[in-house]
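Architecture and fold: a report
Chain residues, written in single-letter form:
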Amino acid sequence: MPELTVSLGQRSYPIRIADGLLETAAGLPVTGPCLIVTDDNVGALYAERLKQAIGRSECPLWQMPAGEPEKNLGRFAELLQAMAAQGLSRNATVLALGGGVIGDLAGFAAACYMRGIAFIQIPTSLLAMVDSSVGGKTAIDTPRGKNLVGAFHQPRLVVADIDLLATLPPRQLRSGWAEVLKHGLICDAAFFDWLAGEGS
């Protein structure tokens with residue numbers, strides 16, 4: 001299985017990239033209580049599969065409507081209340097199952113709850129796989145602007161299951177490819193050439 005490592009000393013973590021990773025999620029480092037955070041689009045497709053894969057039927061699910069407008073203070077407060085209602089402790093793990101909105105919101109809640117608990121990114125969009133799930137960027141939007149309130153909180157693990165891209169609409173796939181191309185244009189000409197089919 002291809003695996004990269006984000007090197008941050010004691011906060012280093014792996015990024016696993018392959019087909020079918022959701023089905024083999026039994027290897028996820030979830031030992032204590034857990035909470036799956038997702039939206040109603042992704043949840044309908046993958047939440048039960050994730051529960052079965054990790055073998056934790058008692059891992060509760062918190063689900064919200066899909067879309068960037070939902071990444072707000074109100075939803076953030078609802079998620080924190082849900083975490084408290086479930087009695088999550090310091091050894092709990094939040095599983096962020098979704099695109100960038102879910103990763104940002106769930107990651108920020110994990111950063112704030114009990115001054116920081118573990119979370120795992122399971123991105124389901126190409127844009128989230130290549131950008132927002134890596135680097136510990138977590139945040140919510142306010143009426144004054146996007147991502148104005150947040151924290152850097154590194155995930156324990158990033159699981160990029162390529163199979164999950166099969167359910168993405170073409171527009172979201174194009175958004176992800178645009179981010180990949182942008183990276184090549186800005187700082188990696190050889191990578192851009194490879195993407196364009198002109199490199200080795």
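Below or above, wherever it landed, is the structure these notes cover. Just so it is clear, the structure is predicted and the values come from calculations on it, not from any experiment.

Moving on to the overall build of the protein chain. Helices and strands together make up the secondary structure of the protein chain, namely six helices and nine strands. For the protein chain, the C-alpha radius of gyration of 17 Å lies close to 16 Å, the compact-globule estimate for 200 residues. Oriented by its inertia axes, the alpha-carbon framework of the protein chain measures out at about 55 × 40 × 35 Å. Among the 200 residues that make up the protein chain, the fraction classed as buried is 46%. A separation of at least 24 residues holds for 72% of the contacts in the protein chain among residues at least 6 apart in sequence. Of the roughly 10200 Å² of accessible surface on the protein chain, 55% is carried by carbon and sulfur atoms. Between the averaged position of the 16 positive side-chain charges in the protein chain and that of its 19 negative side-chain charges there is a distance of 9 Å.

It is worth spelling out the pairing of strand β2 (residues 13–18) at this point. Two faces, one strand: in a regular strand the side chains alternate between the faces of the sheet. Here four bridges tie strand β1 (residues 3–6) to β2, and the two strands are oriented antiparallel to one another. In the sheet register, Val 6 faces β2, and the bridge partner there is Tyr 13. With antiparallel pairing between neighbouring strands as the criterion, β1 and β2 make up a hairpin whose turn holds six residues, including Gly 9 at a positive phi of roughly 65°. Note that β2 and strand β9 (residues 157–161) share four bridges and pair parallel. Bridge assignment links Ile 17 to a residue of β9, and that residue is Ala 160.

Moving on: the environment of Arg 115. Take Arg 115: it is sitting in the loop between α3 (100–112) and β6 (118–123). When its relative accessible area of 80% is taken as the criterion, Arg 115 is described as exposed. For the pair formed by Arg 115 and Ser 175, sequence separation is 60 residues and the distance between their alpha carbons is 34 Å.

Here we come to the state of the cysteines. One pass over the structure, following the stated rule, counts one disulfide. Each disulfide pairs two cysteine sulfurs, and for Cys 34 the partner residue is Cys 59, the sulfurs being separated by 2.2 Å. Here the residue Cys 34 occupies a position in strand β3 (residues 34–39), and Cys 59 occupies one in the loop between α1 (40–54) and β4 (61–64), the gap between them amounting to 25 residues. Accessibility classification places Cys 34 together with Cys 59 in one group, the buried group.

Here the focus is unusual backbone geometry. Despite not being glycine, Arg 115 shows a phi value in the positive range, around 65°. A positive phi angle is found at Asn 147, which is not glycine, with a value near 55°. Along the chain, the position of Asn 147 falls in strand β8 (residues 145–152).

Each value, and the rule that gives it
- Residues numbered from 1 in each chain as written.
- Predicted model: local features only at pLDDT ≥ 70, side-chain atom pairs only at ≥ 80, totals over all residues.
- Heavy atoms only, no water.
- Helix = DSSP H or I, 4+ residues; strand = E, 2+ residues; numbered from the N terminus.
- Rg over C-alpha atoms; globule rule 2.2 N^0.38 Å.
- Buried < 20%, exposed > 50% of the residue type's maximum accessible area, 1.4 Å probe, protein only.
- Contact = heavy atoms within 4.5 Å.
- Areas by Shrake-Rupley, 256 points an atom, 1.4 Å probe, with all protein chains shown as cover.
- Lys, Arg positive; Asp, Glu negative; His and termini not counted.
- Charge placed at Lys NZ, Arg CZ, Asp CG, Glu CD.
- Pairing = 2+ DSSP bridges.
- Disulfide = S-S within 2.5 Å.

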